[in-house]
Amino acid sequence: MSEFVHLNVHSEYSIKDGLVRVKALVKATKDSSMWAVAVTDHSNLFASVKFYRAAIDAGVKPITGASINLQIGEDTAPMTLLCRNKQGYLNLLTIVSLSYTEGQRLGIPTVKKEWILSHNEGLILLSGAHEGPFAQLLLSQGPKALAEELKPWMQAFPQSLYLELQRIGHHEENTYIKQIIEVAKANALP
């Protein structure tokens, strides 16, 4: 059984960039001897029921989540929320629903920080790597500014906030990775 688990797969229900069909994803996961997989479509949970049923039937642990656009002033930055349990799923439903009913900006559903912090129970937060809000703050204002910003997030997500690293050839990734590792160590964050 493989230790690796995909935590950010966009399915056919991510109109922006998803090509993977749910049943094919579950089959590929099982065929690769992976024990779990997460579907984190952009700003929606449309695949949730289909994904859950297909994964359970195949003996694969389904992890439900969503890639969201966090509103930061006039801009947005990506983050990923994963459900740990039923309460997390209900909270994610609330956050995604709010992004459509109260967070629309130029036709894009966006999420406010307060919504996540107040609907955090049962959720895991992935930082969005070098494109996420923490990376943007780190690269623009430095580690001290990020350490201050992390305080409410760490309080809302004790032991379930992860600072992501990605090595994909982005022009600032080496600077980001070096600095975010130091921030992670200083704040005891994975």
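Before going further, it helps to spend a moment on the sheet that holds strand 3 (residues 75–83). Pairing is mixed in the open sheet, where 5 strands are placed in the order 1-2-3-6-7. The open sheet terminates on both sides in strands that have one partner only, identified here as strand 1 (36–42) and strand 7 (161–162). Bridge count for strand 3 against strand 6 (residues 123–126) is 4 bridges, and the pairing is antiparallel. Opposite L81, over in strand 6, you have L125 as the bridge partner. Taken strand by strand, helix 2 (residues 48–58) contacts strand 1 and strand 2 (61–72), and its axis lies near 150° from that of strand 2.

Okay, helix 5 (residues 133–141) next. Among all positions in helix 5, only P133, F134, A135, L137 and L138 are buried. In this fold, the buried residues of helix 5 make contact with strand 2, strand 3, helix 6 (143–156), strand 7 and helix 7 (173–186). With its phi angle positive at about 95°, G142 sits one or two positions after the end of helix 5.

What follows concerns unusual backbone geometry. Excluding glycine, residues mostly have negative phi values, and the peptide bonds linking residues are mostly trans. In this model, L106 sits at a positive phi of 55°, which is unusual for a non-glycine residue. Relative to the helices and strands, L106 is located in the loop between strand 4 (104–105) and strand 5 (108–109). Overall, the relative accessible area of 89% leaves L106 in the exposed class.

Glancing now at the packing of aromatic side chains. Applying the stated criterion to the full structure yields 2 aromatic pairs. A ring pair is formed by F134 and W153, whose centres lie 5.7 Å apart and whose planes are at 80°; its orientation type is edge-to-face. Taken together, the residues span a long stretch of sequence, with F134 in helix 5 and W153 in helix 6 at a distance of 19 residues. Given the relative accessible area of 2%, F134 is considered buried.

Definitions and cut-offs
Residues numbered from 1 in each chain as written. Predicted model: local features only at pLDDT ≥ 70, side-chain atom pairs only at ≥ 80, totals over all residues. Heavy atoms only, no water. Pairing = 2+ DSSP bridges. Helix = DSSP H or I, 4+ residues; strand = E, 2+ residues; numbered from the N terminus. Contact = heavy atoms within 4.5 Å. Axes fitted to C-alpha atoms, helices over the stretch in contact; angles between N-to-C directions. Buried < 20%, exposed > 50% of the residue type's maximum accessible area, 1.4 Å probe, protein only. Phe/Tyr/Trp six-rings, centres within 6.5 Å; stacked < 30°, edge-to-face > 60°.

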